[in-house]
Amino acid sequence: MYPESLNRLIKNLSMLPGIGQKSATRLAMYLIKDNRELAEKLALNLLEVKEKVRLCKICFNISEKEICDICSDPYRDTSVICVVEGPADQAAIEESKAFKGRYHILHGVLSPLNGIGPEDIRINELLERIEKEDIKEVLIATNPTTQGEATAFYIAKLLRKRRPALNITRIASGIPFGGDLKYADRMTLEKALQNRSSISV
Ligand SMILES: [Zn+2]
């Protein structure tokens, strides 16, 4: 019902995650209305990003350089690696300023039901890093979901086998700061109780 080029734009937009036919049509209509400048910027931006952005050779985070700024920062603690599912998780931890080591981005979690196995995420690359670099601790910060937990457990087992003396840690999960016990679900409460820690006074 629309001109062919517009149909193509809608079709391509709807291939993006989380964008259905309706949203794609809405975005396309917005772009063709009177936003030539935005459309031009977006078109150039997409090409630029595809050309410039790649994965860091060490941690596999997205970067414009072969080695990302964090991996090449001499002030980072090179003896600790924090393992995360994706670049957004890395960015969140980095924003907290609570971690001074380096990262390893898996680009996914194990998910047998969706056909995602160890070969599909960057687990082998992590094991290679453990061999090459002088690592004392691996902090596994996959999300506290069924798949995130399973992935953490799988990685911990592999690491333990290769480096028996390695300190393997897991981020704590439980009641969020500012939360309320009354409203926490059973799994969250269970985790909070299991992962209790001493109060340092
Ligand atoms: Zn890096």
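First, a word on scope: everything that follows refers to the structure included in this document. (Residues numbered from 1 in each chain as written. Predicted model: local features only at pLDDT ≥ 70, side-chain atom pairs only at ≥ 80, totals over all residues. Heavy atoms only, no water.)

## A look at the sheet that holds strand β6 (residues 167–170)
Pairing between the strands of a sheet is mediated by backbone hydrogen bonds and can be parallel or antiparallel.
Alright, step 1. Sheet architecture is open: 4 strands sit in the order β4-β3-β5-β6, paired in parallel fashion. Looking along the sheet, the strands with just one partner apiece sit at the ends: β4 (102–105) and β6. Recorded for the sheet is a direction-independent mean angle of 25° between the axes of neighbouring strands.
Alright, step 2. Lying over the sheet, helix α4 (residues 87–96) contacts β3 (80–84) and β4, oriented at roughly 160° with respect to β4.
Alright, step 3. Of the strands in this sheet, β3, β4 and β5 (137–140) are in contact with helix α5 (residues 123–132), which crosses β4 at around 150°. (Pairing = 2+ DSSP bridges. Helix = DSSP H or I, 4+ residues; strand = E, 2+ residues; numbered from the N terminus. Axes fitted to C-alpha atoms, helices over the stretch in contact; angles between N-to-C directions. Contact = heavy atoms within 4.5 Å.)

## Considerations on the layout of surface pockets
Rolled over the atoms, a probe with the dimensions of a water molecule shows which regions are left empty.
Alright, step 1. Of the pockets and cavities examined, the largest pocket occupies roughly 270 Å³.
Alright, step 2. As for the largest pocket, its lining consists of Leu9, Asn12, Leu13, Met15, Leu16, Leu31, Ile32, Ala39, Leu42, Ala43 and Leu46.
Alright, step 3. The set of elements that each furnish at least two residues to the lining of the largest pocket consists of α1 (4–13), α2 (21–34) and α3 (36–52).
Alright, step 4. A total of 4 residues in the lining of the largest pocket trace back to one element, the largest contributor, which is α3.
Alright, step 5. Counted by class, the lining of the largest pocket contains 10 nonpolar, 1 polar and no charged residues. (1 Å grid on protein atoms, 1.4 Å probe; cavity = no way out; pocket = protein on both sides within 12 Å on 5 of 7 lines; lining within 4 Å. Points joined across faces, edges and corners; volume = space filled by probe spheres on them. Nonpolar A, V, L, I, M, F, W, Y, C, P; charged D, E, K, R; others polar.)

## Considering the nonpolar core
Buried together is how nonpolar side chains tend to be arranged in soluble globular proteins.
Alright, step 1. If you look at the biggest cluster of nonpolar residues, it comprises 16 residues, and the most contacted ones within it are Val83, Leu106, Ile123, Ile135, Val138, Ile155 and Leu159.
Alright, step 2. Only β3, α5, β5 and α6 (146–162) provide two or more residues apiece to this core.
Alright, step 3. For this core, the leading source of residues is α5, giving 4 residues.
Alright, step 4. Excluding anything up to four places from it in sequence, Ile135 contacts Thr78, Ser79, Ile81, Arg129, Ile130, Arg163 and Leu166.
Alright, step 5. Residues Cys59, Val80, Cys82 and Leu139 belong to the second largest nonpolar core, which totals 13 residues. (Core = buried A, V, L, I, M, F, W, Y, C linked by side-chain atoms within 4.5 Å. Buried < 20%, exposed > 50% of the residue type's maximum accessible area, 1.4 Å probe, protein only.)

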